[in-house]
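# Observations on the model geometry
Letter by letter, the chains look like this.
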Amino acid sequence: MASQPNAEEAAPGAAGPWRLAWRRLRRNRIALAFLGLFVLIVAFCLAAPLWANQVADTGPNDTHTLEKLGVGGETREVVSPSGKPIGPQWFEADGKFFLGADGRLGRDEMVRLMYGGRTSLLIGFSAAAIMTLLGTILGLLAGYYRGWTDTLIARTMDVIWAFPVTLLAIALGLALAIGGLRIGPIHLSGESIWIPILIIGFVFVPYMVRPIRGEVLSLREKEFVEAAIAQGASPLRVMFAEILPNMLSTIIVFFTLNVANAMLLESLLSFLGVGVQPPNTSWGTMIGSGFDLLTSAPLLTLLPGTMIFLTVLAVNVFGDGLRDALDPRAKVRVQVEARAGMAADEVSGGVAP
Amino acid sequence: MRKHGLVLLVLVLAVASAVGLSACGSSGSKEGGTLTGSYASFPDFLDPQLSYTQEGWTAMFDTYLPLLTYKRANGVEGSTVEPGLAEALPKISNGGKTYELTLHKGLKFSDGTPIKASDFKSSIERLFKVSSPGSPFYETIVGAAEFAETKKGEITGIKTNDKTGKITIDLTGPRGTFTNELALLFAAVVPADTPDKNMTNEPPPATGPYMIDSVEPGRRFTYKRNPYWASNNGPKIDVVGDGHFDKIDIKLVRNDSTQVNEIERDKTMWMQTLVPSDLREKIVNKYEGTQFRVDHPIDIYYFWMNTQKAPFDDLKVRQAVNYAIDTEALERIYAGSMVAAHQILPEGMPGYDAFNLYPHNMAKARQLFKEANPSDRDITVWTDAENPNDEAGQYYQGVLSELGFNAKLKTVNADNFVQVIGNETTPDLDTGWFDWYEDYPHPNDYFQPLLAGESIAPTLNFNHARADFPPLNAKIKKLAEEPLNPEREAEYAKLDREFMEEAVWAPYGTNTTSTFVDSEINLDNVIFNPTFGHSLASFELK
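Reading guide: rules and limits
Residues numbered from 1 in each chain as written. Chains lettered and ligands numbered in written order. Predicted model: local features only at pLDDT ≥ 70, side-chain atom pairs only at ≥ 80, totals over all residues. Helix = DSSP H or I, 4+ residues; strand = E, 2+ residues; numbered from the N terminus. Rg over C-alpha atoms; globule rule 2.2 N^0.38 Å. Buried ≥ 20, exposed ≤ 12 C-beta atoms within 10 Å, placed from the backbone. Contact = placed C-beta atoms within 7 Å. Nonpolar A, V, L, I, M, F, W, Y, C, P; charged D, E, K, R; others polar. Core = buried A, V, L, I, M, F, W, Y, C linked by C-beta atoms within 7 Å. pLDDT = per-residue confidence, 0-100. Pairing = 2+ DSSP bridges. Axes fitted to C-alpha atoms, helices over the stretch in contact; angles between N-to-C directions. Arc of directions from axis to C-beta. Left-handed = near helix turned anticlockwise from the far one by under 90°.

With that out of the way, let us pick up the overall build of chain B. Secondary structure summary: chain B contains 16 helices and 21 strands in total. In terms of C-alpha radius of gyration, chain B reaches 26 Å, essentially the compact-globule figure of 24 Å for 542 residues. For chain B, the spread of C-alpha atoms along the three principal axes comes to 105 × 60 × 40 Å. In chain B, buried positions account for 51% of the 542 residues. Sequence separation of at least 24 residues holds for 71% of the intrachain contacts in chain B that already meet a minimum separation of 6.

As structure tokens, then:
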């Protein structure tokens with residue numbers, strides 16, 4: 001039996017923009033598959049305390065250099081006298097050292113991978129939130145007020161932009177790693193996880209401000225904005241109640257891409273020792289500490305590297321799918337696809353994709 | 001006729017083979033050719049008055065000779081001071097304040113200029129003119145402190161006679177370490193007209209068996225034989241080898257795994273760097289005794305505790321920390337290259353007498369900690385970021401947390417670590433990691449800069465424990481004035497124990513280094529001096 005074309009599908013204009021976007025996203029199987037992968041990664045990281053307490057019976061920073069492991073009547077050293085860490089034990093030791101030890105300190109690699117993921121994701125999302133929030137506010141102010149406000153904000157962003165983002169982040173990381181950050185009554189010590197979050201959030205702000213400003217400049221000339229101004233709406237109301245809702249799709253897409261960028265930069269900073277400070281763990285610090293054992297225990301570098309790769313890939317592909325779904329220009333494609341689907345149905349009697 | 005011709009040909013070939021074989025057999029070792037080596041980091045300076053790294057000292061050990069020099073020998077024997085450019089060890093008089101030496105006659109620099117006694121004086125003055133990090137060793141020479149400030153005039157405490165080669169050095173006070181200091185590279189003799197600037201790119205003429213031939217900063221440097229060594233200097237200075245290779249080619253290979261790989265493939269003959277820890281086990285199993293050997297520089301690795309600030313101002317807390325440290329765990333963290341130690345003076349240093357006041361005992365550590373019951377338990381642990389020192393720091397933080405402290409770890413880039421923890425304005429300098437490699441094999445080199453109260457400085461402080469115990473300070477001062485002999489060595493051993501009774505540090509080991517050469521080099525003859533590292537003149541083909 002041939003399926004009936006959905007009424008909303010046949011007449012896209014009848015549904016709200018968010019509903020339409022969701023419908024487009026649902027059709028993008030690849031984006032959904034990577035969203036699924038991302039959810040799995042998040043679930044894996046959130047399960048860290050469960051695995052650490054119920055299975056591995058150790059914390060992420062607990063060292064076991066001199067401990068021995070009983071495996072099937074055999075005794076295995078967590079770290080050999082020559083400093084070689086034990087390899088993956090899978091379930092042979094009841095889940096302890098499932099992926100082996102992380103190095104000569106004999107910490108459980110699996111537990112650190114899970115906890116490290118929590119740190120990396122936390123930094124990725126928090127830094128992305130900061131840069132998105134700051135970028136949106138500054139972009140709105142610059143694009144709406146124009147004039148000296150725009151000049152001031154744009155030039156400030158240009159100054160930050162003039163520094164290579166990685167070098168700027170490394171320099172800030174180095175400077176803040178020892179003394180921490182003191183802003184008025186707020187004091188963050190050098191090993192605080194908020195230091196890399198703030199650094200990453202800060203250095204990427206210009207990359208957010210410019211496109212937002214451009215879109216505000218364009219939206220500001222639209223009739224609905226002029227109408228709101230004519231009705232006496234305050235600038236704040238125009239910016240946040242009229243213009244901002246019309247940019248939400250752009251902001252959401254940027255946010256996902258910012259998460260990926262923030263996670264990559266965090267990995268780099270932590271690898272170089274200026275991001276997450278030991279003994280705290282993140283995937284970046286794990287690559288850094290595993291790098292010294294690259295020849296004898298390559299898994300210690302490959303595992304966190306793969307996790308970063310999969311997470312960034314998942315976020316990027318899903319972000320692309322989201323952009324396709326939220327981008328108004330995609331409407332045309334959807335309509336063409338819908339018509340093509342209907343035509344195919346008529347010809348073959350099959351189910352529209 | 002044809003038959004006779006064939007017989008003749010066989011005879012000729014047989015004789016030729018016999019001559020060839022006997023020639024090989026008689027030489028014993030092959031001379032000439034080029035020694036190829038690799039460094040992981042370029043020497044800080046190729047200028048004897050300026051260099052203060054192992055890379056630089058190894059590079060110039062057989063190139064620039066001081067009046068006295070260290071014996072080209074492995075282990076403890078390598079700490080012996082011998083005459084270098086001087087005819088004999090110094091004659092010390094005037095209560096240890098006057099040193100008299102005489103320069104060998106007929107010595108020449110590698111450019112052919114005669115070496116004069118006054119070149120020694122100008123070399124010491126050059127130390128101060130170029131603001132060498134080694135200049136403080138020579139500030140006790142009369143007039144040196146003033147010269148250091150003004151950099152004008154002369155150091156009046158050095159008198160030389162170019163005709164007789166006699167050199168007289170007057171000190172402001174007795175200094176028992178001065179003989180050792182005269183044998184450092186800082187006191188190497190260079191021509192008087194050597195410019196007062198860093199000469200790395202154009203190293204001064206040499207006095208040893210090799211001269212630096214070319215330098216490509218950050219990439220490579222090469223040597224050739226000093227043309228005046230065999231004819232002039234070598235016959236008089238027999239404590240320094242003549243060298244077996246005609247040329248030496250050293251290149252920079254930053255990755256130590258690549259260095260190993262090149263040696264295994266016989267592409268490089270020697271690596272100056274320690275073999276990487278993750279390859280060490282494989283290399284030991286495969287090459288120990290044939291191409292690989294463990295060597296012992298004189299060093300100590302330890303955790304210091306700030307004795308002037310709570311909670312480490314309490315002896316019981318410091319003792320608890322010492323009992324809590326398990327050196328076996330640290331040996332594994334250093335991948336087997338660390339040898340456990342529990343005292344200030346490392347093995348190989350005169351005055352070393354092994355003891356362990358605090359064998360690992362966590363129960364005892366907890367008991368002492370409980371008795372001390374420190375009110376301030378929030379502490380900061382400082383360590384550098386270089387592996388495995390960073391892991392040693394993490395281990396230490398874990399031990400302190402286990403003991404009951406709320407320990408925060410601060411990991412500082414290795415390039416800035418000394419400056420950061422040596423600056424009194426850095427907050428929370430409670431405890432941390434450090435290592436100390438000898439400047440010269442004299443126990444004072446450990447006690448004076450690291451534990452004497454007068455060494456506590458606002459910047460570049462090395463007395464991180466801020467140890468300031470007046471009776472022990474007085475002993476350090478008194479011993480420093482006297483020349484080293486078996487009696488003094490016994491007193492240094494006692495001092496070592498007294499400092500450990502105060503538990504100012506928790507020492508945990510001495511790190512070893514290694515010699516790794518390719519299959520062509522005769523490993524048995526390669527010399528590793530504990531102060532200077534490898535002697536390039538000792539390398540020869542099998």
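More follows now that the structure is in view.
Interfaces are often sized by the amount of accessible area the parts lose when they come together. On the side of chain B, 30 residues touch chain A, which itself brings 23 residues to the contact. The residue makeup of the side of chain A that touches chain B, split by class, is nine nonpolar, ten polar and four charged.

Now for the nonpolar core. In terms of nonpolar packing, the biggest core is built from 83 residues, with Ile200(A) and Ala262(A) touching the most fellow members. Counting residues per element, this core draws most heavily on helix H5 (residues 109-145) of chain A, at 16 residues. Beyond its immediate sequence surroundings of up to four residues, Ile200(A) is in contact with Ile123(A), Ala127(A), Ala169(A), Ala262(A), Leu265(A) and Glu266(A). Ranked by size, the runner-up nonpolar core spans 79 residues in total, among them Phe45(B), Phe128(B), Trp270(B) and Leu523(B).

Attention now goes to the confidence of the model for chain B. All names here are of chain B. Per-residue confidence for chain B gives a mean pLDDT of 94; residues scoring 70 or more make up 95%. Overall, residues 18-27 carries pLDDT values under 50, and its contacts beyond four positions in sequence, including any with other chains, amount to zero contacts. Interface confidence in the predicted complex, given as ipTM, is 0.83; pTM for the same model is 0.86.

Burial analysis of helix H9 (residues 315-324) of chain B places eight of its ten residues in the buried class, the great majority of the element. Restricting attention to buried positions, one finds in H9(B) the residues Val317(B), Arg318(B), Gln319(B), Ala320(B), Val321(B), Asn322(B), Tyr323(B) and Ala324(B).

All names here are of chain B. Strand order in this open sheet of four strands is E4-E5-E7-E6, and the pairing throughout is antiparallel. The sheet is open, and its two edges are formed by strand E4 (91-93) and strand E6 (158-161), each paired on a single side. With strand direction ignored, the average angle separating the axes of adjacent strands in the sheet is 15 degrees. Of the pairings in the sheet, the one linking E4 to strand E5 (residues 98-102) comprises three bridges and is antiparallel in character. The partner of isoleucine 92 across the bridge, within E5, is tyrosine 99. Relative to E6, helix H3 (residues 117-129) is tilted by about 155 degrees, and along the sheet it contacts E6 and strand E7 (166-170).

Looking now at the environment of Leu460(B). Summarising the element assignment, Leu460(B) is placed in the loop between helix H14 (444-451) and helix H15 (470-480). Considering only alpha carbons, one finds Leu460(B) and Thr290(B), 170 residues apart in sequence, at a separation of 43 Å.

Residue and element names in this part refer to chain B. Those residues of H15 that sit buried are Leu472, Ile476 and Leu479. Buried residues of H15, seen end-on, are gathered within an arc of 75 degrees and therefore sit on one face of the element. Exposed side chains of H15 directed beyond 90 degrees from the buried face belong to Pro470, Pro471, Ala474 and Lys478. Contact partners of the buried residues in H15: H14 and helix H16 (486-501).

On to the pairing of strand E18 (residues 505-511) of chain B, then. Regular strands place side chains that alternate from one sheet face to the opposite one. Residues and elements named next belong to chain B. Of all seven residues that make up E18, seven are buried, and the element is covered over most of its length. Two elements, strand E13 (residues 299-305) and E18, share four bridges in a ladder whose sense is antiparallel. Residue pairing in the sheet places tyrosine 302 in a bridge with proline 507 of E18.

A few words on the packing of H5(A) against helix H6 (residues 147-162) of chain A. Residue and element names in this part refer to chain A. Where H5 meets H6, the closest approach of the two axes is 7 Å, and the angle between their N-to-C directions is 140 degrees. Read as a crossing pair, H5 and H6 show a hand that is left-handed. From H5, Leu138, Leu141, Ala142 and Tyr145 reach across to H6, where they touch Gly147, Thr149, Asp150, Ile153 and Ala154. Looking at the contact of H5 with H6, its residues break down into six nonpolar, two polar and one charged.

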